[in-house]
Amino acid sequence: MATVIVVTSGKGGVGKTTTAATFGTGLALQGFKTAVVDFDVGLRNLDLIMGCERRVVFDFIDVINGNARLNQALIKDKRVDGLYVLPTSQTRDKDALDQAGVAKVIGELKGDFDYIVCDSPAGIERGAQSALYYADEAIIVTNPEVSSVRDSDRMVGLLSSKSKRAEEGESPIKQHLLITRYDNDRVKRGEMLKVDDVLEMLALPLLGVIPESKSVLQASNTGTPVILDDRSLAGNAYRDAVARFMGEQIEYRFASEKTGLMAKLGFGRLWRRDA
């Protein structure tokens with residue numbers, strides 16, 4: 001049975017779409033057939049970051065409305081086997097995400113894929129709730145800043161109460177924390193929160209710490225997920241995060257803290273999927 005992962009955040013501009021594209025690519029590199037779905041109706045940036053914007057003919061909303069079949073809208077990545085993108089519409093709004101239609105598309109994807117990565121719009125409105133509703137697991141993306149962390153805390157509550165799993169009394173969505181745009185020098189100067197500070201505020205298992213890197217912007221501008229850049233620190237940090245998600249024990253190489261609350265909460269320097 002396919003696993004549905006929502007990549008979400010309370011605040012915009014934290015690297016959520018970059019994470020969805022990169023994480024989906026990382027899963028495909030591990031040999032899993034993966035679809036990355038853009039739920040950000042009206043903006044549609046996933047196809048740009050994945051480098052397939054010129055290949056978009058039909059989109060998610062076309063499939064929901066019955067104007068196209070799912071296999072007509074899915075775009076196969078040319079670089080990574082088993083990786084597909086389902087773009088969304090630039091001309092519609094979030095109200096086009098009809099719940100029955102979303103359920104139908106997710107159901108079809110589950111029949112053919114190992115992982116479905118949902119790129120959620122930021123915030124708590126309809127698009128975000130549609131993206132998280134069918135999720136089995138969630139990656140909450142936050143920057144090490146108070147406002148970003150506070151907004152992420154709001155998403156933790158929504159994931160716990162507004163999902164299909166919550167409504168049907170099933171086991172809750174498994175939540176993971178990913179800290180992006182982390183700058184050790186700024187942390188030392190007191191301009192950013194420490195990893196320990198973020199963990200104390202959110203109390204979620206830490207999946208990864210992605211360092212601030214110019215390579216992320218360069219990768220986005222060229223339509224190449226940064227995880228494909230072996231020389232990028234951010235790319236390697238995303239590789240570590242995907243490996244942790246799959247159960248590997250890997251040190252947090254890109255955070256300055258090695259002890260403290262990370263150890264007290266059971267994260268320490270290693271992370272186990274079954275913890």
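Here the structure is shown first, and the text comes after it.
Counting of residues starts from 1 at the beginning of each chain's written sequence and follows it residue by residue. Local features in a predicted model are, by the rule used here, given only for residues with pLDDT of at least 70; side-chain atom pairs are given and counted only at 80 or more, and totals for whole chains, interfaces and linings are based on all residues. Neither water nor hydrogens contribute to the side-chain values; these are computed over all heavy atoms in the structure.

Colleague: Which residues make up the overall build of the chain, and what values do they have?
Modeller: In this text, helices come from DSSP runs of H or I with a minimum length of four residues, and strands from runs of E with a minimum of two, each type numbered from the N-terminal end. A count of helices and strands for the chain gives 13 helices and eight strands. In this treatment the radius of gyration is a C-alpha quantity, and the globule benchmark scales as 2.2 Å times the residue count to the 0.38 power. Its C-alpha radius of gyration of 18 Å places the chain within 12% of the 19 Å reference for a compact globule of 275 residues. Across its three principal directions, the C-alpha atoms of the chain cover 55 × 40 × 30 Å. Contact definition: two residues touch when any of their heavy atoms are within 4.5 Å. Counted over contacts in the chain with a minimum sequence separation of 6, partners at least 24 positions apart contribute 73%. The method behind every accessible area is Shrake-Rupley, applied with a 1.4 Å probe, and residues are considered shielded solely by the protein chains displayed. Put simply, the chain shows about 11900 Å² of open surface, and 46% of that area lies on carbon and sulfur atoms. The positive count covers Lys and Arg only, the negative count covers Asp and Glu only, and His and the chain ends enter neither. By convention, the charge on Lys lies at NZ, on Arg at CZ, on Asp at CG and on Glu at CD. With 36 positive and 38 negative side-chain charges, the chain shows a spacing of 2 Å between the two charge centroids.

Colleague: Could you give an account of the pairing of strand β4 (residues 83-86), naming the residues involved and the relevant values?
Modeller: Both faces of β4 are covered, namely the face carrying Leu 83 and Val 85 and the face carrying Tyr 84 and Leu 86. One bridge is not enough; two strands pair if DSSP finds at least two bridges between them. Direction of pairing for strand β2 (residues 34-38) relative to β4: parallel, over a ladder of four bridges. Each residue of the ladder has a partner; that of Ala 35, found in β4, is Tyr 84. Relative to β4, strand β3 (residues 75-76) runs antiparallel, the two being bridged by two bridges. Bridged to Ile 75 within β4 is Val 85. Where β3 folds back onto β4 in an antiparallel hairpin, the turn is made up of six residues, including Gly 82, whose phi is positive at roughly 80°. Here's how the labels work: a residue is buried when its accessible area is under 20% of the maximum for its type, exposed when over 50%, partly exposed in between, all with a 1.4 Å probe on protein chains only.

Colleague: With reference to specific residues and values, describe the packing of helix α1 (residues 16-29) against helix α12 (residues 233-245).
Modeller: Two numbers describe how α1 lies on α12: the axes approach to 9 Å, and their chain directions differ by 60°. For the element pair α1 / α12, the angle class is oblique. The chirality of how α1 crosses α12 is right-handed. Residues Thr 18, Thr 19, Thr 22, Phe 23, Gly 26, Leu 27 and Leu 29 of α1 lie in contact with α12, whose contacting residues are Tyr 238, Arg 239, Ala 241, Val 242 and Phe 245. Gly falls in the polar group here, along with every residue not listed as nonpolar (Ala, Val, Leu, Ile, Met, Phe, Trp, Tyr, Cys, Pro) or charged (Asp, Glu, Lys, Arg). The residue inventory of the contact of α1 with α12, partitioned by class, reads seven nonpolar, four polar and one charged. Every axis corresponds to a line fitted to the C-alpha atoms, with the helix fit spanning only the stretch in contact, and the corresponding angles, defined between N-to-C directions, vary from 0 to 180 degrees. Any angle from 65 to 115 degrees is called roughly perpendicular, while one under 35 is roughly parallel, one over 145 is roughly antiparallel, and all others are oblique. Left-handed describes a crossing whose near helix is turned anticlockwise from the far helix through less than a right angle; right-handed describes the clockwise counterpart.

Colleague: Tell me about the packing of aromatic side chains, residues and numbers included.
Modeller: When two rings of Phe, Tyr or Trp (its six-membered ring) have centres within 6.5 Å they constitute a pair, described as stacked for plane angles under 30 degrees, edge-to-face for angles over 60, and tilted for the intermediate range. Inspection of the entire model under this criterion finds six aromatic pairs. Between Phe 32 and Tyr 115 the ring centres are 5.3 Å apart and the planes differ by 90°, which places this aromatic pair in the edge-to-face class. With Phe 32 in the loop between α1 and β2 and Tyr 115 in strand β5 (residues 115-119), this residue pair connects regions lying 83 residues apart in the sequence. Judged by relative accessible area, Tyr 115 falls into the buried class, the value being 9%. With centroids separated by 4.7 Å and ring planes inclined at 85°, the aromatic side chains of Tyr 133 and Tyr 134 adopt a geometry described as edge-to-face. For the residue pair Tyr 133 and Tyr 134, the accessibility class agrees, reading buried in each case.

These figures capture arrangement, not role.
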